[in-house]
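Listed here are the chains, written in short residue letters.
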Amino acid sequence: MKKFDFDKSALVSNLTLLSILTIVIATISIGYVSNDEYIYFWDTANYHNQSVELANIFRSSIVDGFNTFFSSLGRDYNQVPCLPIVPIILIFGDSRLVFITGLALLYILPFSLSTGVIVVRLLNSYSFAIFWMTAFSAILMPPVWNSILVGYPGIGGAAIMNLAILTHLRDPKLSIRWQIPLTGLLLSFAILFRRYYAYNARAFLAALFLEGLILSFCLFPKKFGKFLRRFLNYELAVVLISLSCFLALTLLSPEFINRVINTDFSSLYASYQHPVFAILGFYAKAYGWVIWLLAVAGLAIGALIRPDSRSSLLFLTLFGAISILDWGISARYIGFHYATQFTVFTVIGIAILFWASLRYFKNSLRASIPILIAAILIFNLLNGLTTFIPFRTSLVPWLALTSPPPPMIRSDYNEVNDLITFLRSIGANNEPIYVAASSMTLNPSIVMEGEKQLFGRQQSKLNILHVPHVDSRDFYPLEALLKAHYLLIAVPFQHHMSAEEQDVVKVVFDAFTETWDISQDFRILPEQFVLEGGVTIHIYERIRRTSLEAALKSLQLMQEKIFPRPGTQSDFLSLEIDEANTAEHSMLPTLYIGPLADSSKFIGTIGFRHQDCTHAAFQLTTLDTEGKALDKYGPIHVSINSSKFSVSTQNENAQYLLFEEVPDGTNRGFCEKYDLNPNVSIE
């Protein structure tokens, strides 16, 4: 095998092309962010916020920074993608321009270079031209930019998966000992980087298994003994890779493993899932049908004319096919950021076409075919990222699907700023604000992120409540609604997925448009704001506390409209009514909304959160469907030294059970200031 010629001219050429690649990536990033006028929200703001927060902690203390980083590993959105960009933020500032440019350089550049190394390894040739053609082809894939430019770091996970591929290609027979632990470790890193790479890792392992089976089967039945030995040895290696991946995840993030084991993600995120053919169609259009056709043609040509690479091509083809099918059948989520896990397969196929044209064609064809392919890639990228391309209507079926074309512009940017400014004027004393909308036009995150953008991170003061958005994932909105002092209602109803999947948002809209009893506790303010698409924002102000009866009636209506129960709603619901008045309650009234047998036994503990609060008392009240008290049990006395309790109740005709504190007479002044934190279960 030939090796790189590291003479001076080769070094200068490689450094020059690396510089050009870096400049192109930085230029696209800077040009995009510099010209947008948009408020990024939800996931598109998440990693920017986390990166800035982590950088600020590191600025104060390196030890605290690493502690914060490691403590985040158990979360769905951890800070693994954020850590590498912390030095960039500390040096150049925390603007979105710095963040996106840093994100692109940190993750797109390694991905493109590692893909080039894969192709060189695959073709068994250290070809200068092929390496750089591949690297530049990688940055011409629309999903790479559609994800990174709006703040998704997912392409970094694809770069880690590339390293796992390279580790396997080092010896496809898996006979080198270090391959097994290193491959498992890399797969675990990709999963930690972004959780959805668990599907990619699963496809990787499945491809390894099938590759071993197919290659071993070539010896069957003539050499059955050798077939059996090779098959068992290979599959044992695959099992050990799986175990090493699991062990690494267990050591690095036991919380993640525990959640995977105990959570039904399919049910939790059912509202996000789409039909299989819609999934496959979306990802075909995310790249453009022409790109997939070129990629498949390249992989097929490679298998035909490169017999010494058939084993590696077999693995990559299996890996790509299983990844796409597994995502389309099991995950079934749509998003440009998810598409990054498939990019390497399209780039490899197209790179093989480049290689074949250079190797097997002569004269004008040798140059014209690569130029034609490059033109298609550039044309496809422009179609996927801009509105520049002429004759768009006739070409769209074959080219990349255009997401909102950059730069991102809100036509109502000034109106949103006016809305936020007004909310700051009425919510100056930290009054809780409920935003009953969940669309790209208005949602709670737009208000929070818009305030940071308009007034600066350090000057943000709006108290925007955490509210539910998705039925399968979230909870009843009653708790947040009872806390709200101000409420924003958008007309028409604002949702970002099927309205039937967002009843947890719709019921609050209905409560005020259908004048439920709870809506009478608010008055509408005269100020209105009209956002893009003619969406009118009405603002309500609380004028009185919501009664228990009105709260229970609202709960019943919510339960009727939202079925089945929202995915993460527990059996206990806090009745904290208007945060401004909770100082007089040390243990917030808590409603049990789970199933009640004719008789029940409630057991639990009271956690005293302050040493000066040592005694408390509470009672249980069974309630009917209208909130009328049926029976009362208590007072039940507990203390910091004897915090356990057990209460048996008779529940005939009861719909709910209310836990509420009653005067104890001991250390009452202290307990009014500190939560008692009840922890209750039912037998």
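Structural data are supplied above this passage.
Below is a summary of the structure that appears in this document.

## Points about the packing of helix 2 (residues 43-60) against helix 3 (residues 62-71)
Contact geometry for helix 2 and helix 3: axes closest at 5 Å, N-to-C directions at 145 degrees. Facing helix 2, whose interface residues are Leu-54, Ile-57 and Phe-58, helix 3 presents Ile-62, Asp-64, Gly-65, Phe-66, Thr-68 and Phe-69. The residue inventory of the contact of helix 2 with helix 3, partitioned by class, reads 6 nonpolar, 2 polar and 1 charged.

## As for the packing of aromatic side chains
Counted according to the given criterion, the structure contains 37 aromatic pairs. Consider the rings of Phe-204 and Phe-315, whose centres lie 5.2 Å apart with planes at 80 degrees: the pair is edge-to-face. Residue Phe-204 is located in helix 10 (residues 197-217), and its partner Phe-315 is located in helix 16 (residues 310-331); the two are separated by 111 residues in the primary sequence. Neither residue differs from the other here; Phe-204 and Phe-315 are each classed as buried. Summarising the aromatic geometry, the rings of Tyr-283 and Phe-342 are spaced 5.5 Å apart at their centres and angled 80 degrees between planes, so their arrangement reads as edge-to-face. Of this pair, Tyr-283 sits in helix 14 (residues 276-287) while Phe-342 sits in the loop between helix 16 and helix 17 (343-360), and the two are 59 residues apart along the sequence.

## Thoughts on the pairing of strand 12 (residues 656-662)
Strand 12 sits mainly inside the fold: 6 of its 7 residues count as buried. Relative to strand 12, strand 7 (residues 590-592) runs antiparallel, the two being bridged by 3 bridges. Its bridge partner lying in strand 12, Thr-590 is registered against Phe-659.

## Quick word on the side chain of Asn-443
Locating Asn-443 in the fold gives a position in the loop between strand 1 (432-436) and helix 21 (444-455). Residue classification places Asn-443 among the buried positions, given a relative accessible area of 0%. Reaching out from Asn-443, the side chain makes a polar contact with the backbone nitrogen of Ile-446 at a distance of 2.9 Å. When sequence neighbours within four positions are dropped, the list of residues in contact with Asn-443 reads Phe-41, Trp-42, Val-435, Ala-437 and Ser-438.

## Topic: the packing of helix 9 (residues 179-193) against helix 10
Close contact between helix 9 and helix 10 brings their axes to 8 Å; oriented N to C, the two are set at 155 degrees. It follows that helix 9 is roughly antiparallel to helix 10 by the angle criterion. Remark: the crossing between helix 9 and helix 10 carries right-handed chirality. Note on element contacts: helix 10 touches helix 9 through Tyr-197, Ala-198, Ala-201, Phe-204 and Leu-205, opposite Thr-183, Leu-187, Ala-190 and Ile-191. The class makeup of the residues in the contact of helix 9 with helix 10 is 8 nonpolar, 1 polar and no charged.

## A few points about the pattern of salt bridges
Here the structure, examined in full by the defined rule, presents 13 salt bridges. With a shortest N-O distance of 3.4 Å, Lys-553 and Asp-517 are connected by a salt bridge. Of this pair, Lys-553 sits in helix 24 (residues 548-561) while Asp-517 sits in the loop between helix 23 (503-513) and strand 4 (522-531), placing them 36 residues apart in sequence. Of the residues examined, Lys-553 reaches a relative accessible area of 44% and is grouped as partly exposed. Owing to a relative accessible area of 39%, Asp-517 belongs among the partly exposed residues under this scheme. One network of salt bridges, with partners in common, ties together Arg-410, Asp-412 and Glu-532.

## Re the sheet that holds strand 5 (residues 535-542)
Judged by pairing direction, the sheet is mixed, and its 5 strands sit side by side in the order 2-1-3-5-4 without closing on themselves. Strands at the two margins of the open sheet, each flanked by one partner only, are strand 2 (463-464) and strand 4. Where strand 1 lies against strand 3 (residues 486-491), 4 bridges are found, and the strand directions are parallel. Within strand 3, the residue paired with Ile-433 across the bridge is Tyr-486. Set on the sheet, helix 20 (residues 413-426) makes contact with strand 1, strand 3, strand 4 and strand 5; between it and strand 4 the angle comes to about 155 degrees. Across the face of the sheet, helix 23 comes into contact with strand 1, strand 3, strand 4 and strand 5 while running at roughly 95 degrees to strand 3.

## Structural notes on the sheet that holds strand 10 (residues 629-639)
The strand order 6-7-12-9-10 describes an open sheet built from 5 strands, whose pairing is antiparallel. Each edge of the open sheet carries a strand with a single partner, namely strand 6 (572-574) and strand 10. Put simply, the sheet's adjacent strands are angled 25 degrees from each other on average, direction ignored. Strand direction decides the pairing type here: strand 6 and strand 7, joined by 3 bridges, are antiparallel. Its bridge partner being in strand 7, Phe-572 is matched across the sheet by Tyr-592.

## So, helix 23
Helix 23 sits mainly inside the fold: 9 of its 11 residues count as buried. Turning to helix 23, its buried residues number three or more, namely Asp-503, Val-504, Val-505, Val-507, Val-508, Phe-509, Asp-510, Ala-511 and Phe-512. On the buried face of helix 23, the contacting elements are strand 1, helix 22 (478-483), strand 3, strand 4, strand 5 and helix 24. Downstream of helix 23 by a residue or two, Thr-515 has a phi angle that is positive, lying close to 50 degrees.

## A short note on the environment of Glu-451
Looking at the secondary structure, you find Glu-451 in helix 21. In this structure, the C-alpha to C-alpha distance between Glu-451 and Ile-537, residues 86 residues apart in sequence, is 17 Å. With sequence-adjacent residues up to four places away left out, Glu-451 is seen in contact with Ile-420, Arg-424, Gly-456, Gln-459, Ser-460, Lys-461 and Leu-462.

## A look at the pairing of strand 4
As paired elements, strand 4 and strand 5 share 7 bridges and run antiparallel to each other. The residue bridging Gln-528 from the neighbouring strand is His-538, located in strand 5. The antiparallel pairing of strand 4 with strand 5 creates a hairpin that spans 3 residues between the two strands, and Gly-533 there sits at a positive phi of about 80 degrees.

## Focus on the environment of Ala-374
By the secondary structure assignment, Ala-374 is in helix 18 (residues 363-385). For Ala-374 and Ser-519, which are 145 residues apart along the polypeptide, the C-alpha to C-alpha distance reads 60 Å.

## Let's talk about unusual backbone geometry
The amide bond that connects Val-491 to the next residue, Pro-492, takes the cis arrangement and shows omega of 0 degrees. Inspection of the secondary structure assignment puts Pro-492 in the loop between strand 3 and helix 23. Between Phe-563 and the following residue, Pro-564, the backbone shows a cis peptide bond with an omega angle of 0 degrees. Tracing the sequence through the fold places Pro-564 in the loop between helix 24 and strand 6. Its identity is not glycine, yet Arg-332 carries a phi of approximately 65 degrees, on the positive side. The topology assignment puts Arg-332 in the loop between helix 16 and helix 17. A positive phi angle, close to 70 degrees, is found at Asn-430, a residue other than glycine. Topologically, Asn-430 is positioned in the loop between helix 20 and strand 1.

Rules used in this analysis
Counting restarts for each chain, with residues numbered from 1 along the sequence as it is written. Given that this is a predicted model, residues contribute local features only at a pLDDT of at least 70 and side-chain atom pairs are listed and counted only at 80 or more, while totals for whole chains, interfaces and linings are drawn from all residues. Only hydrogens and water are removed before side-chain values are computed, so all heavy atoms of the structure are retained for them. Note on method: axes are straight lines fitted to C-alpha atoms, helices fitted across the in-contact stretch only, with angles between N-to-C directions ranging 0 to 180 degrees. Under the scheme used here, helices are H or I runs from DSSP no shorter than 4 residues and strands are E runs no shorter than 2 residues, and both carry numbers assigned from the N terminus. Should any heavy atoms of two residues lie within 4.5 Å, those residues are considered in contact. Each residue gets one of three labels, nonpolar for Ala, Val, Leu, Ile, Met, Phe, Trp, Tyr, Cys and Pro, charged for Asp, Glu, Lys and Arg, and polar for the others, Gly among them. The aromatic pairing rule takes the rings of Phe, Tyr and Trp, using the six-membered ring of Trp, and pairs them if the centres are within 6.5 Å, calling planes under 30 degrees apart stacked, those over 60 edge-to-face and the rest tilted. Classification of residues uses two cut-offs on accessible area relative to the type maximum, computed with a 1.4 Å probe and protein chains only: under 20% is buried, over 50% is exposed, and between them is partly exposed. By definition, two strands form a pair when at least two bridges between them are found by DSSP. Under this definition, polar contacts are N or O atom pairs within 3.5 Å; protein pairs additionally need one hydrogen-donor-capable and one acceptor-capable atom, and for neighbouring residues in sequence, both atoms have to be side-chain atoms. Working rule for angles: under 35 degrees goes down as roughly parallel, over 145 as roughly antiparallel, 65 to 115 as roughly perpendicular, anything else as oblique. Helix crossings fall into two classes, left-handed where the near helix is turned counterclockwise from the far one by less than a right angle and right-handed where it is turned clockwise. Any carboxyl oxygen of Asp or Glu that lies within 4 Å of a side-chain nitrogen of Lys or Arg is treated as forming a salt bridge with it.

These values are about where atoms sit, not about what they do.
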